[in-house]
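Architecture and fold: a report
The primary structure of each chain is shown beneath.
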Amino acid sequence: MKWANAADHGARGIIELSPLDLPRGPATYRADTLDDWFDPDSSLKRLEACLVIGPTAAAPLFTGAPQTLEYLLKRATPECKPCRPGSFPLCPKLTVDAAISCTDFDSRNVVALLRGSHSTLKNEYVVFTAHYDAIGPTGGGACDGAIDDGAGTAGILEIARAFSLLETPPARSILFVNTTGEETGLDGASCFAKEPPVDIKQIVANVNLDANVMLFETTDIVAIGAKHSTLASAAEAAARGVSRKLVELRCDLQGEGYFARADNFSFVEQGVPAVLVCSGQEAASSEIDNGPDRFIHWVRDVYHSAGDSLDQDLDWHAGAIYTQFAALLGAAAANGEKRPAWNPGNFFGDRWGNAARRGPSSAR
Ligand SMILES: [Zn+2]
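Residues numbered from 1 in each chain as written. Predicted model: local features only at pLDDT ≥ 70, side-chain atom pairs only at ≥ 80, totals over all residues.

1. As for the pairing of strand 12 (residues 274-279)
Each regular strand displays side chains that alternate between the two surfaces of the sheet. Among the six residues in strand 12, six count as buried, and that is most of the element. Examined bridge by bridge, strand 9 (residues 203-209) and strand 12 share four bridges and lie parallel to one another. Bridge pairing links Asn206 to Ala274 in strand 12. Of the pairings in the sheet, the one linking strand 10 (residues 220-224) to strand 12 comprises four bridges and is antiparallel in character. Directly across from Ala223, in strand 12, lies its bridge partner Val277. (Buried ≥ 20, exposed ≤ 12 C-beta atoms within 10 Å, placed from the backbone. Helix = DSSP H or I, 4+ residues; strand = E, 2+ residues; numbered from the N terminus. Pairing = 2+ DSSP bridges.)

2. A closer look at the sheet that holds strand 3 (residues 49-53)
With mixed pairing, three strands are arranged side by side in an open sheet as 1-3-2. What marks the edges here is a single partner per strand, and that holds for strand 1 (13-17) and strand 2 (27-29). Taking each pair of neighbouring strands and ignoring which way they run, the sheet shows an average axis angle of 25°. As judged from the three bridges shared by strand 2 and strand 3, these two strands associate in the antiparallel manner. Pairing of Ala27 across the sheet is with Ile53, part of strand 3. (Axes fitted to C-alpha atoms, helices over the stretch in contact; angles between N-to-C directions.)

3. Side note on the packing of helix 7 (residues 231-241) against helix 11 (residues 316-335)
Relative to each other, helix 7 and helix 11 sit at 135°, their axes nearing to 8 Å. One way to sum up the angle between helix 7 and helix 11 is to call them oblique. Viewed along their axes, helix 7 and helix 11 form a crossing whose handedness is right-handed. Where helix 7 approaches helix 11, its residues Leu231, Ala234, Ala235, Ala237, Ala238, Ala239 and Gly241 are matched on the opposing element by Phe325, Leu328, Leu329, Ala332 and Ala333. Partitioned by chemical class, the residues of the contact of helix 7 with helix 11 number 11 nonpolar, one polar and no charged. (Parallel < 35°, antiparallel > 145°, perpendicular 65-115°, else oblique. Left-handed = near helix turned anticlockwise from the far one by under 90°. Contact = placed C-beta atoms within 7 Å. Nonpolar A, V, L, I, M, F, W, Y, C, P; charged D, E, K, R; others polar.)

Here it is, written out as structure tokens:
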């Protein structure tokens, strides 16, 4: 959204500054903005360059600036809201010389349907998603993506298996979707949400499994984005079901950023209330000290690296609790009397929810 806003205000290009150097070189093109260039209606087409650069590449740009890059990076944290720096011009000129090559290839979402049991509500759908692609090879070796998002992919299969064994399926129908191309810019999910196999107005909720950070047992669990809609009560019920406390993601993990960075956001953009399920951080056992620190260490040092493999220390039971929580959350949405709805005045609902959701209301 920031990029489109800048384009609308006449920016010629945008450089996003990553707090860490990038694994594949000093600068990269934003893959999702490349997608927009193929979309004839995208305002991003007006931008001549959309780069992401790390601190090493950015340092020369701050020559002669009123504040140093190091100082800015230290202050640009969520905890430091009152001391965020204002804007100022940078002196050096930047020339962008980019080589972009495009190759067409097919990649598929894998979709399964479980028909709902209620005579009318079966025409509405709750969608579970998890992406089966991973970052792929980097300088540090292949990134298998065991947690991101092998854990979610396996979780969807397990939820589908469990639901298929129920004597009475949930009232609403369930779509189980393993998406492709998440890491390249939510491609599979956005393709699915823009052209779903059922009427988008009949898709009532999305539960996305893409943060099963199964390192240790926790006393808590997180449903990123649930607070924006009535899915909050489904999340509360699901947390009770797994005897975990429903909490917000710690602010230094920038929970709101994750909500807009994962497959669930493709559903939000089509007006569908959505949740990104995330592991908790408070360790259940006193033998694990500093649960939140271990979680943050994983996010900062292992996420999207070759370390996210089956060789890391995984807690399978913690992974199962996460998956059960996601299953119960989806079941609560599928069995609720009313279809999930954005909260009144909610930003996401106001921006995307109303236009797409003029379907009939569906009280049982
Ligand atoms: Zn992921």
